[in-house]
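Report on the structure
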Amino acid sequence: MRISLNWLRRYIDIRESAQELADILTSLGLEVEGMEQTGVLPEQLEGVVVAEVLECWKHPNADRLRLTRVDAGDGRILQVVCGAPNVEAGQKVLLAKEGATLHPFGGATPFAISRGKIRGEISEGMLCAEDELGLGSSHDGIMVLDPSAVVGTPASEHLSVSNDIVFEIGLTPNRADATSHLGVARDLLAWYRVHRDKNKQLLPVEQRGLRNVAGSMKIDVLVENAERCPRYAGMCFSGIEVGPSPEWLQLSLRAMGLQPVNNVVDVTNFVMYEMGQPLHAFDFDAIAGQRIRVMNLPDGTPFTGLDGITRELKATDLMICDGNGAPMCMAGVFGGLHSGVSDSTRRIFVESAHFQASSVRRSSMSHQLRTQSARCFEKGADPNVCLQALERAAFLLQITSGAVPDSPVVDLYPHPALPAAVRFNCQRAIHLSGLDINSDQTKEVLLALDMEVQDLQDGNLEVYVPTNKPDVLREADLVEEISRVYGLDHIIDPGTIRFALPEAGDHAWMIKRSLADWLSANGLMEIMSLSMVRSSLCIRAGLAREEELVFVHNTSNIQLDTLKPSVCMGGLEAVQFNANRQQGDLALYEMARQYRRKGPEIEEEEMLGVWLCGLRETPHWTAPKGFANDFYRLKAIMSSIPGKLGLGWPVFTPVENDPLFSYGLRWVVNGRDVMRLGKLAAKVAGSFDLRKEIWYGEAGIESLLAMRSSTVRPFVEFGKHPYVKRDLALVLDTGTPFDRIKQIAAEKLGSLLVDLQLFDLYENESQLGKGKQSYAINLTISQAGGPFTSESLEALMEELMAEYTRLLGAYIRR
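Keep in mind the model is a prediction, meaning the values are calculated, not measured. (Residues numbered from 1 in each chain as written. Predicted model: local features only at pLDDT ≥ 70, side-chain atom pairs only at ≥ 80, totals over all residues. Heavy atoms only, no water.)

When its secondary structure is counted, the protein shows 21 helices and 43 strands. Over its C-alpha trace the protein gives a radius of gyration of 38 Å, far above what one expects of a compact globule, namely 28 Å for 814 residues. Along the longest, intermediate and shortest principal axes, the C-alpha atoms of the protein span 115 × 90 × 60 Å. Within the span of the protein, comprising 814 residues, buried residues form 49% of the whole. Nonlocal contacts in the protein, meaning residues at least 24 apart in sequence, comprise 70% of its contacts between residues at least 6 apart. Positive and negative side-chain charges of the protein, numbering 81 and 105 respectively, have mean locations separated by a distance of 5 Å. (Helix = DSSP H or I, 4+ residues; strand = E, 2+ residues; numbered from the N terminus. Rg over C-alpha atoms; globule rule 2.2 N^0.38 Å. Buried < 20%, exposed > 50% of the residue type's maximum accessible area, 1.4 Å probe, protein only. Contact = heavy atoms within 4.5 Å. Lys, Arg positive; Asp, Glu negative; His and termini not counted. Charge placed at Lys NZ, Arg CZ, Asp CG, Glu CD.)

So this is what it looks like as structure tokens:
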């Protein structure tokens, strides 16, 4: 939320610097996340003056340029080349003379004005647009001033420019009382009363009394859904002259990031940012039957908003309709195109209503219309401020557009909101907060917050909370209010800190973090992807059928409409994002959940995904082609994971008819896939516009952790004797799985086997025979009880070779 320092000074006397004020606001729970200087300093307009265009004619050498003769007010007539489409003779404009330095809007690089030729014609200055002077973002043409402007007047004097400091405040959802400048001013007032001056008051805000207005205009209002519209107030005005807002009003709105529209719309926006009460102005003559109906319309009813977009309404959308039931405005959210204020408007009806927070949020989110008005209502606007906001608007409309109140005030408020009564015990509150504060100081803080306090004796109070604080309903809420105003720095240091130690054991998050550290140490980068994906992409890639998807009504992004059915999608989106930016050498991993519907049930499973593509090591003079990521690197990573968890070697079998892979391996335990890996199918990769090879592996984290918890891992004493290494060359049938070789060794040698590696694969039909291969393996073995003797080692190797011969038909090359 943006809060202007200049605005705040209209309501409260502030002597502190901007930084000191930011510290005070932060201590009050209104955390200042940044400060931005807006507006223009007078010295930035030095050399810019009011001038009059005496003549204007087409540039002889350029179609889009014009030559002008300009009176600069210093006795000289200057020739200036201008490219603005709106320049005409007789206009009062702003001229940057030779030697002036302009500071454009948005922090662009300043530039100096010099005398020179443009397309062969002399130009002795520059006629300036709004953005070129840093006054705004508009570049539609040069600034045209009021005819009364005095030629030769410095621009800083004519515009009465001033700079401002805008605080960017991170407003928490419970602070409905601080959605406006007056709300923040009241918070500051409480702080001043407690810490500086207990008699300090807010400065008066001018309003126009409306209680006894009669007038000639009449409008009927019918609220057909009082639950969602607890209060509806409004008034008619005549004599409207629509035009540009005065400079002070435009500067105020620009500080909020708004572009001024006209004097009527700008007043409604100003009051919203000032008082936190959204207003809406209707063209009175566009209201059919001069009747307002607050109602819901059937599903699918078309509504064209101010942005020109026609939307289909939902039956839950509360609408402001005319006498014929035609929608004019989405209540508390967005105005309609055909009922708003235009240049020809002469009579208006100004609405100041209160709408149910949940209703406004539902409509705002479902139609993706995140307006400031909706944000105010969502947090819980104060229904008792509606008439005050209307009176403030009446005063501002009168001085900016000549508006005259021309009807009695309409105010439908059947069930007025009353201050919440909260029972409060001072001693219990002091104990709960830990503040170094007594009962009298507690009362002073509550009174500084404009709360009524009734003393019930024995330390008990009855506190009446203003309706602008809808979140303060309990004693604990009052303690929070007292703590932030009195100061969290007054909390007493207890001397001791008590906390609960985590239960010792094999925590899942510690295991996952250890696994993540190991993957990162091996050169992989962790990613975090959204849980929401596009259903159309899931179906096109063949990752899930429509009936398996878990659809979600995602109002913030209607494209992301289903929960992720496969963890694979998150990594592929990351690969696609990087590939589109010429970053194709990737090694990624993610731990995330995937969701699938199985009949009426939804299965949720936490998975580990690993993605490899491109090069593992870039080309170098020692390796001109680099080293590519491939199937074997993926297999090495995935097969090491069970070992890191103390589960031993996985036993892989080939994947069959798996739409995710072109080819690959799977590890199945008790009929359930624990791990899959391989080359990603072209259809899947192609759905993400990826043409290169993608190597993908996934493992069920919950399955691995369950296996780990059920596996007894006894302590194994470190070997006191050197390892023994032996090599074997086994001649086997071509295609014999290496995993089978490892499995036989593990079963035969048991705990004696430390490691087994394949270091050579040899084929020679003339030497080995047809359909034969030689597998050269290296075994590392160790015995805890003592060193091997030559005899025992030879006997062990003979037994292993005999096992290979019996089970695999191996011939041992000696």
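A complete count under the given rule lists 12 aromatic pairs for this structure. Measuring from centroid to centroid gives 6.5 Å for Trp7 and Tyr273, while their planes differ by 75°, and the two rings are edge-to-face. Residue Trp7 is located in helix α1 (residues 5-11), and its partner Tyr273 is located in helix α6 (residues 263-275); the two are separated by 266 residues in the primary sequence. In this structure Tyr273 comes out as buried when scored by relative accessible area, which is 10%. Every member of this aromatic cluster is reached through a ring pair, and the members are Trp7, Trp248, Phe270 and Tyr273. Over the ring of Tyr192 we find Lys200; its NZ or CZ atom is 4.8 Å from the centre of that ring. Stacked on the ring of Phe577, the Lys or Arg Arg581 has its end atom at 3.7 Å from the ring centre. (Phe/Tyr/Trp six-rings, centres within 6.5 Å; stacked < 30°, edge-to-face > 60°. Lys NZ or Arg CZ within 6 Å of the ring centre and 35° of its normal.)

The next subject is the nonpolar core. Among the nonpolar cores identified, the biggest contains 84 residues, and Leu25, Phe167, Leu188, Phe237, Phe424 and Leu478 are the most heavily contacted of them. Within the second largest apolar cluster, 34 residues are counted, among which are Ile219, Phe284, Cys321 and Met330. (Core = buried A, V, L, I, M, F, W, Y, C linked by side-chain atoms within 4.5 Å.)

Helix length check: helix α12 (residues 475-486) (12 residues) gives 16 Å between terminal C-alpha atoms against 16 Å at 1.5 Å per residue, within 8%. Burial runs high along α12: 10 of the 12 residues are buried. Burial in α12 covers these residues: Glu475, Asp477, Leu478, Val479, Glu481, Ile482, Ser483, Arg484, Val485 and Tyr486. Looking at the packing, one finds that the buried side of α12 touches α2 (18-27), α4 (181-195), β26 (420-425), α10 (426-433), α11 (439-448) and β28 (460-465). Directly beyond the C-terminal end of α12, a positive phi value near 120° is found at Gly487. (Expected span 1.5 Å × (residues − 1).)

So, on to the environment of Gly487. Within the fold, Gly487 resides in the loop between α12 and α13 (508-521). Here Gly487 falls in the buried class, since its relative accessible area comes to 9%. Sequence-wise, Gly487 and Pro246 are 241 residues apart; in three dimensions their C-alpha atoms are separated by 41 Å. Contacts of Gly487, omitting those with residues within four sequence positions, involve Leu435 and Ile482.

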